[in-house]
Amino acid sequence: MTKADFDQIVEVIDHWWGGPISTFAHPIFFYELGEEALVMHDGDTLIGFLLGFISTQEGRTTGYVHLVGIHPDYRRQGVGRLLYRHFSDACNKAGCARIKAISTLGNEGSIRFHLALGWRVQEIDDYAGPNRRRLVFTCELLRR
Ligand SMILES: CC(C)(COP(=O)(O)OP(=O)(O)OC[C@H]1O[C@@H](n2cnc3c(N)ncnc32)[C@H](O)[C@@H]1OP(=O)(O)O)[C@@H](O)C(=O)NCCC(=O)NCCS
């Protein structure tokens, strides 16, 4: 992901989500955590991105998907699946045991997408603080 890609993501993200979400594309995910960030283009058109990074905590290395977005005209064509495959491969090579993402209960598209890709889901009532329930998706990675 280049700075020009990041700039474009910030410009399209509200439209792609259908509402204000641009604070989720915090610059930290490009400048400090952007090494594994991915974009996909069709010619000159940005059609998808994945903001993710590798985290190590308590000796466990995890690939974390913070945000994935696909251009509305390019959904259900396997773009998200492909971005996840590339990210998983990079995490696998970096020695991650698993990959993880979180979602809110109402985000049906995201839930269906992760389940279709074979991720495990767990509902945690206070994941994001008191009464801030989240769905936590994880996928164990196979042998490196
Ligand atoms: C969720 C999202 C990333 C999926 O990307 P995508 O490129 O459309 O997904 P794919 O085409 O790779 O779909 C893979 C499979 O996931 C499932 N799937 C994906 N989107 C789905 C939806 N909206 N409803 C039901 N199933 C869905 C399907 O089984 C699909 O396979 P199929 O099309 O052969 O049936 C995309 O819809 C998006 O950007 N949504 C808005 C942003 C968002 O909510 N991001 C996730 C939270 S950060």
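Notes on the structure follow. Remember, it's a predicted structure, so these values are computed and weren't measured experimentally. Once a new chain begins, its residue numbering starts again from 1 and follows that chain's sequence as written. Totals for whole chains, interfaces and linings use every residue, but because this is a predicted model, local features are given only for residues with pLDDT of at least 70 and side-chain atom pairs only at 80 or more, for both listing and counting. The basis for the side-chain values is all heavy atoms of the structure; hydrogens and waters are excluded.

### Observations concerning the overall build of the chain
Part 1 of the reasoning: Secondary structure elements are defined from DSSP: runs of H or I of at least 4 residues count as helices, runs of E of at least 2 residues count as strands, and each element is numbered from the N terminus. If you tally the helices and strands in the chain, you get four helices and six strands.
Part 2 of the reasoning: Shown N-terminal to C-terminal, the secondary structure of the chain runs as helices and strands in the order α-α-β-β-β-α-β-α-β-β.
Part 3 of the reasoning: This radius of gyration counts C-alpha atoms alone. The globule rule is 2.2 Å times how many residues there are, raised to the power 0.38. Taken over the C-alpha trace, the chain has a radius of gyration of 15 Å; the compact-globule value for 144 residues is 15 Å, and the two agree within 12%.
Part 4 of the reasoning: In terms of overall dimensions, the chain has a C-alpha envelope of 40 × 35 × 30 Å along the principal axes.
Part 5 of the reasoning: Looking at the chain residue by residue over its 144 residues, the buried ones come to 39%.
Part 6 of the reasoning: Two residues form a contact once any of their heavy atoms are found within 4.5 Å. A sequence separation of at least 24 residues applies to 56% of the contacts in the chain between residues at least 6 apart.
Part 7 of the reasoning: Of the accessible surface of the chain, which amounts to about 8600 Å², a share of 49% is contributed by carbon and sulfur atoms.
Part 8 of the reasoning: Residues scored as charged are limited to Lys and Arg (positive) and Asp and Glu (negative), so that His and the chain ends carry no count. Every charge is mapped onto a representative atom, which is NZ of Lys, CZ of Arg, CG of Asp or CD of Glu. In the chain, 16 side chains carry a positive charge and 17 a negative one; their mean positions are 9 Å apart. Burial classes: relative accessible area under 20% of the type maximum marks a residue as buried, over 50% as exposed, and values in between as partly exposed (1.4 Å probe, protein chains only). Every accessible area reported is derived by Shrake-Rupley at a probe size of 1.4 Å, with residue values counting cover from the shown protein chains alone.

### A look at the layout of surface pockets
A water-sized probe, rolled over the atoms, reveals where empty space remains.
Part 1 of the reasoning: Cavities and pockets are defined on a 1 Å grid built over the protein atoms alone: a cavity is a set of grid points where a 1.4 Å probe fits but cannot escape, while a pocket is an open set with protein on both sides within 12 Å along at least five of seven lines, and lining residues are those with an atom within 4 Å of any such point. Grid points are joined across faces, edges and corners, and a volume is the space filled by probe spheres set on the points. Estimated volume of the largest pocket: approximately 1000 Å³.
Part 2 of the reasoning: In terms of lining, the largest pocket is formed by 33 residues, of which the most central are V68, N107, G109, S110 and F113.
Part 3 of the reasoning: The element best represented in the lining of the largest pocket is strand β3 (residues 60-70), accounting for seven residues.

### Some thoughts on the sheet that holds strand β1 (residues 38-42)
Part 1 of the reasoning: When DSSP finds two or more bridges between a pair of strands, those strands are recorded as paired. If you walk across this open sheet you meet the six strands as β1-β2-β3-β4-β6-β5, and the pairing is mixed. Among the strands making up the open sheet, the edge pair consists of β1 and β5 (120-124). When the angles between neighbouring strand axes are averaged without regard to direction, this sheet yields 25 degrees.
Part 2 of the reasoning: Summarising the sheet, β3 and strand β4 (residues 98-103) pair through four bridges and their orientation is parallel. Each bridged residue has a counterpart across the sheet, and for Y64 the counterpart in β4 is K100.
Part 3 of the reasoning: Contacting β1, β2 (45-57) and β3, helix α1 (residues 3-17) runs over the sheet at an angle of about 105 degrees to β2. A fitted line through C-alpha atoms represents every axis, and for helices the fit uses only the stretch in contact; the resulting angles, taken between N-to-C directions, go from 0 to 180 degrees.

### What about the side chain of H114?
Part 1 of the reasoning: Following the sequence through the fold, H114 ends up in helix α4 (residues 108-116).
Part 2 of the reasoning: Counted as a polar contact is a pair of N or O atoms within 3.5 Å, where, for protein atoms, one must be capable of donating a hydrogen and the other of accepting one, and residues adjacent in sequence contribute only when both atoms are in side chains. Reaching out from H114, the side chain makes a polar contact with the side chain of Y84 at a distance of 2.6 Å.
Part 3 of the reasoning: If we skip the residues at most four places from it in the chain, H114 touches Y84, A101, W119 and F137.

### Considering the nonpolar core
Part 1 of the reasoning: Nonpolar cores are built from buried Ala, Val, Leu, Ile, Met, Phe, Trp, Tyr and Cys residues. Side-chain atoms within 4.5 Å join them into one set. If you look at the biggest cluster of nonpolar residues, it comprises 20 residues, and the most contacted ones within it are V65, I99 and W119.
Part 2 of the reasoning: At the level of secondary structure, the elements contributing two or more residues to this core comprise β2, β3, α3 (79-93), β4 and β6 (134-140).
Part 3 of the reasoning: No other element matches the five residues that α3 contributes to this core.
Part 4 of the reasoning: Once residues within four sequence positions are removed from consideration, V65 is found in contact with L50, L51, G52, Y84, F87, K100, A101 and W119.
Part 5 of the reasoning: Of all hydrophobic cores here, the second largest spans 15 residues; its members include I13, A25, F30 and Y64.

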